[in-house]
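Listed below are the residues making up each chain.
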Amino acid sequence: QVQLEDSGGGLVQAGGSLRLSCAASGRTFSNYAIGWFRQAPGKEREFVAGFSGNGVSTGYANAVKGRFTISRDNAKNTVYLQMNSLKPEDTAVYYCAAGRGTVRNGPYDYWGQGTQVTVSS
């Protein structure tokens, strides 16, 4: 079992930055694919960024490429999502997830509780 706790959301003006954290407990996630997803009101959940299971490859949604950066600290069992140049359309609840599948399509078996990101215009 892997327990995930995501944090770091908040209210920020357009153009600002936030860093989200996803801390894992129960089992190291060094062999898991780790993904960040988001869900805006009235929309389906979508992939944002992720690490492959071997921790080498990363993937980003086109909408965030060049603005968001995913990183990990294996010693702390934590994955981060640095979000720069935020836009109002980035407003959503952000979730981290871990699984044994592929970065973009999963499957993802473990999910954090979500953290709200609100970007004002």
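Residues numbered from 1 in each chain as written. Predicted model: local features only at pLDDT ≥ 70, side-chain atom pairs only at ≥ 80, totals over all residues. Heavy atoms only, no water.

1. Concerning unusual backbone geometry
Following Gly-106, the chain continues into Pro-107 via a peptide bond in cis, with omega recorded as 10°. A positive phi angle is found at Ser-85, which is not glycine, with a value near 50°. Judged by relative accessible area, which is 40%, Ser-85 ranks as partly exposed. (Buried < 20%, exposed > 50% of the residue type's maximum accessible area, 1.4 Å probe, protein only.)

2. Section: the nonpolar core
Within the largest apolar cluster, 31 residues are counted, with the highest numbers of intra-cluster contacts made by Leu-4, Trp-36, Leu-81, Met-83 and Tyr-94. Every element with two or more residues in this core is listed here: strand 3 (18–25), strand 4 (33–39), strand 5 (46–51), strand 7 (68–73), strand 8 (78–83), strand 9 (92–99) and strand 11 (115–120). Aside from chain neighbours lying at most four places away, what touches Tyr-94 is Asp-6, Leu-20, Trp-36, Phe-37, Arg-38, Val-48, Phe-68, Leu-81, Met-83, Gly-114, Thr-115 and Val-117. If you look at the next biggest cluster of nonpolar residues, it comprises six residues, including Phe-37, Phe-47, Ala-97 and Val-103. (Core = buried A, V, L, I, M, F, W, Y, C linked by side-chain atoms within 4.5 Å. Helix = DSSP H or I, 4+ residues; strand = E, 2+ residues; numbered from the N terminus. Contact = heavy atoms within 4.5 Å.)

3. Quick notes on the pattern of salt bridges
Here the structure, examined in full by the defined rule, presents three salt bridges. With a shortest N-O distance of 2.9 Å, Asp-90 and Arg-38 are connected by a salt bridge. Pair noted here: Asp-90 is in the loop between strand 8 and strand 9 and Arg-38 is in strand 4, with a separation of 52 residues, a long-range link. Classification of Asp-90 as buried rests on a relative accessible area of 1%. Put simply, Arg-67 and Asp-90 hold a salt bridge, and the shortest N to O gap is 2.8 Å. In this pair, Arg-67 sits in the loop between strand 6 (58–60) and strand 7 while Asp-90 sits in the loop between strand 8 and strand 9, placing the two residues 23 residues apart along the sequence. Like Arg-67, the residue Asp-90 is buried in the burial classification. (Salt bridge = Lys/Arg side-chain N within 4 Å of Asp/Glu carboxyl O.)

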